[in-house]
Amino acid sequence: MPAYYRAMSEISEAPSGQRRRGIQSVEIGLQVLKVMNALGGPSTLSAIAQAAGMAAPQVHRYLQSLIASEMAQQDAETGRYDLGPAALKLGLSALARTDAFRLVDTLIGSFVARTGATVQVAALGPSGPTIVRWYAGQPAITTSLTVGSILSLLHSATGRVFLAFAPETLTDPVLSAELRRTPMKRVDLDRMCGLIRDEGRAHASGTVMPGLEGFAFPIFNLQGTPVLVATMLVSDAVRTVDHAAVEELAAICQQIGQQLGWPGGE
């Protein structure tokens, strides 16, 4: 008997009480994951337990199971817990099923093939802007960035677009941690975000890595929230900035937003 049907048979034959306990275990495990996501970064066992309203030993047992399945991970030095690679992959897979991704793959993929530009597309994840698509241009840019890389909110063009346009409830947990590690003041941050909103784009040069320049544009949904940010990357070791291509990418992002129902894209 195939494993799937054997498992289903075992479930159907199990007493209802055992099935219910199993379901409750899944529900509690998912609740722990939700709490970790809401905390916005690596957290102590006590912080997770307090936020979940559970005893620390009980949370610890669930965390060990989540770590075994790579849905969670523990930093060996600090002992803090965070979402694991399997949770990230699950989230990216869910995002990949959205209409926005189908539009991005078609329109930006065609743009890259036509212009030779390199474009990354990012979504705002629990740890910050996360690259979810990478369209390599010609000649290729040599960089450590790849799908799954986490970008800075303050120092990357991509992150700055999210800071300017995304709801503060989504950016504040990560932003607060970054502000503690930088001399930037809130007044300077507000001024920067105001300029980005006025121009509808963000630019950064050499702040993510030396010699790499980024031109970032929001892709809005029906509610005017930036569900994705597309960033054209230019390496000064490879090519000069093609400003016509930059403006074309801006227009494409507006077009995608329009097809997602964004009124400002009309």
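That block above? That's the structure.
Treat the numbers as computed from the prediction; the structure is a model and nothing was measured. (Residues numbered from 1 in each chain as written. Predicted model: local features only at pLDDT ≥ 70, side-chain atom pairs only at ≥ 80, totals over all residues. Heavy atoms only, no water.)

**Student:** Please provide a residue-by-residue account of the overall build of the protein, values included.
**Tutor:** Counting secondary structure elements, the protein contains 10 helices and 7 strands. Across the 266 residues that make up the protein, the buried fraction comes to 41%. Sequence separation of at least 24 residues holds for 53% of the intrachain contacts in the protein that already meet a minimum separation of 6. When the accessible area of the protein is evaluated, it comes to approximately 14300 Å², of which 54% is carbon and sulfur surface. (Helix = DSSP H or I, 4+ residues; strand = E, 2+ residues; numbered from the N terminus. Buried < 20%, exposed > 50% of the residue type's maximum accessible area, 1.4 Å probe, protein only. Contact = heavy atoms within 4.5 Å. Areas by Shrake-Rupley, 256 points an atom, 1.4 Å probe, with all protein chains shown as cover.)

**Student:** An account of the pairing of strand E7 (residues 226-235) is needed here, citing residue identities and associated values.
**Tutor:** Most of E7 sits out of view: 9 of its 10 residues are buried. The sheet contact formed by strand E3 (residues 118-125) and E7 spans 5 bridges and is antiparallel. Residue pairing in the sheet places valine 119 in a bridge with methionine 232 of E7. For strand E6 (residues 212-220) and E7, the ladder comprises 9 bridges, and the chain directions are antiparallel. Its bridge partner being in E7, phenylalanine 215 is matched across the sheet by methionine 232. Between E6 and E7, which pair antiparallel in sequence order, lie 5 residues; one of them, glycine 224, sits at a positive phi of approximately 75 degrees. (Pairing = 2+ DSSP bridges.)

**Student:** I'd love a proper account of the sheet that holds E3, names of residues and values included.
**Tutor:** Strands sit in the order E4-E3-E7-E6-E5 across an open sheet of 5 strands; the sheet is antiparallel. Both edges of this open sheet fall to strand E4 (128-135) and strand E5 (202-205), since each of them pairs with a single strand only. Strand after strand, the sheet turns through a mean of 25 degrees between neighbouring axes, direction not considered. Along the sheet face, helix H7 (residues 157-165) touches E3, E4, E5, E6 and E7 and points at about 35 degrees away from the line of E6. (Axes fitted to C-alpha atoms, helices over the stretch in contact; angles between N-to-C directions.)

**Student:** How would you summarise the environment of leucine 88 if you had to cite specific residues and measurements?
**Tutor:** You can see leucine 88 is positioned in helix H5 (residues 85-96). Between the C-alpha atom of leucine 88 and that of threonine 130, which follows or precedes it by 42 residues, the distance is 9.5 Å. When near neighbours in sequence (up to four residues on either side) are disregarded, leucine 88 contacts Thr130 and Gly148.

**Student:** Describe the pairing of E6, listing the residues and the values that go with them.
**Tutor:** With 8 of 9 residues buried, E6 lies mostly within the body of the structure. Taken together, the 4 bridges between E5 and E6 define a ladder with antiparallel strand orientation. If you follow histidine 203 over to E6, its bridge partner there is phenylalanine 215. Following E5, the chain reverses through 6 residues before pairing antiparallel with E6; glycine 206 in that reversal takes a positive phi of roughly 75 degrees.

**Student:** Account for the nonpolar core, with residues named and values stated.
**Tutor:** Counting 28 residues, the largest nonpolar core has Ile108, Phe111, Val119, Val121, Leu228 and Leu249 as the members making the most contacts within it. For this core, the elements supplying multiple residues, two or more each, are helix H6 (99-115), E3, E4, E6, E7 and helix H10 (243-259). Excluding its chain neighbours within four sequence positions, the residues that come into contact with leucine 249 are Ile108, Phe111, Val119, Phe217, Ala230, Thr231 and Met232. Membership of the second largest hydrophobic core comes to 23 residues, among which are Leu154, Phe165, Leu179 and Leu189. (Core = buried A, V, L, I, M, F, W, Y, C linked by side-chain atoms within 4.5 Å.)

**Student:** Now, about the packing of aromatic side chains: what can you tell me, with residues and values included?
**Tutor:** Here the structure, examined in full by the defined rule, presents 2 aromatic pairs. Between phenylalanine 165 and phenylalanine 220 the ring centres are 5.3 Å apart and the planes differ by 85 degrees, which places this aromatic pair in the edge-to-face class. Of this pair, phenylalanine 165 sits in helix H7 while phenylalanine 220 is found in strand E6, placing the two residues 55 residues apart along the sequence. Accessibility assignment for this pair places phenylalanine 165 and phenylalanine 220 in one class, buried. Consider the rings of phenylalanine 220 and tryptophan 262, whose centres lie 4.6 Å apart with planes at 35 degrees: the pair is tilted. Remark: tryptophan 262 occurs in the segment after H10 and phenylalanine 220 occurs in strand E6; sequence separation between them is 42 residues. Through pairs of rings, three or more aromatic residues link up here, namely Phe165, Phe220 and Trp262. (Phe/Tyr/Trp six-rings, centres within 6.5 Å; stacked < 30°, edge-to-face > 60°.)

**Student:** I'd like a rundown of H10, residues and numbers included.
**Tutor:** Taking 1.5 Å of rise per residue, 17 residues should cover 24 Å, and H10 covers 25 Å from first to last C-alpha, within 8% of that figure. On the buried face of H10, the contacting elements are H6, E3, E6 and E7. For H10, the N-terminal capping position is held by aspartate 242, with its side-chain oxygen 3.2 Å away from the main-chain nitrogen of alanine 244. Of the residues one or two after H10, glycine 261 is the one with positive phi, at around 100 degrees. (Expected span 1.5 Å × (residues − 1). Polar contact = N/O pair within 3.5 Å; in protein donor to acceptor, adjacent residues only side chain to side chain.)

Distances and angles like these do not, on their own, reveal function.
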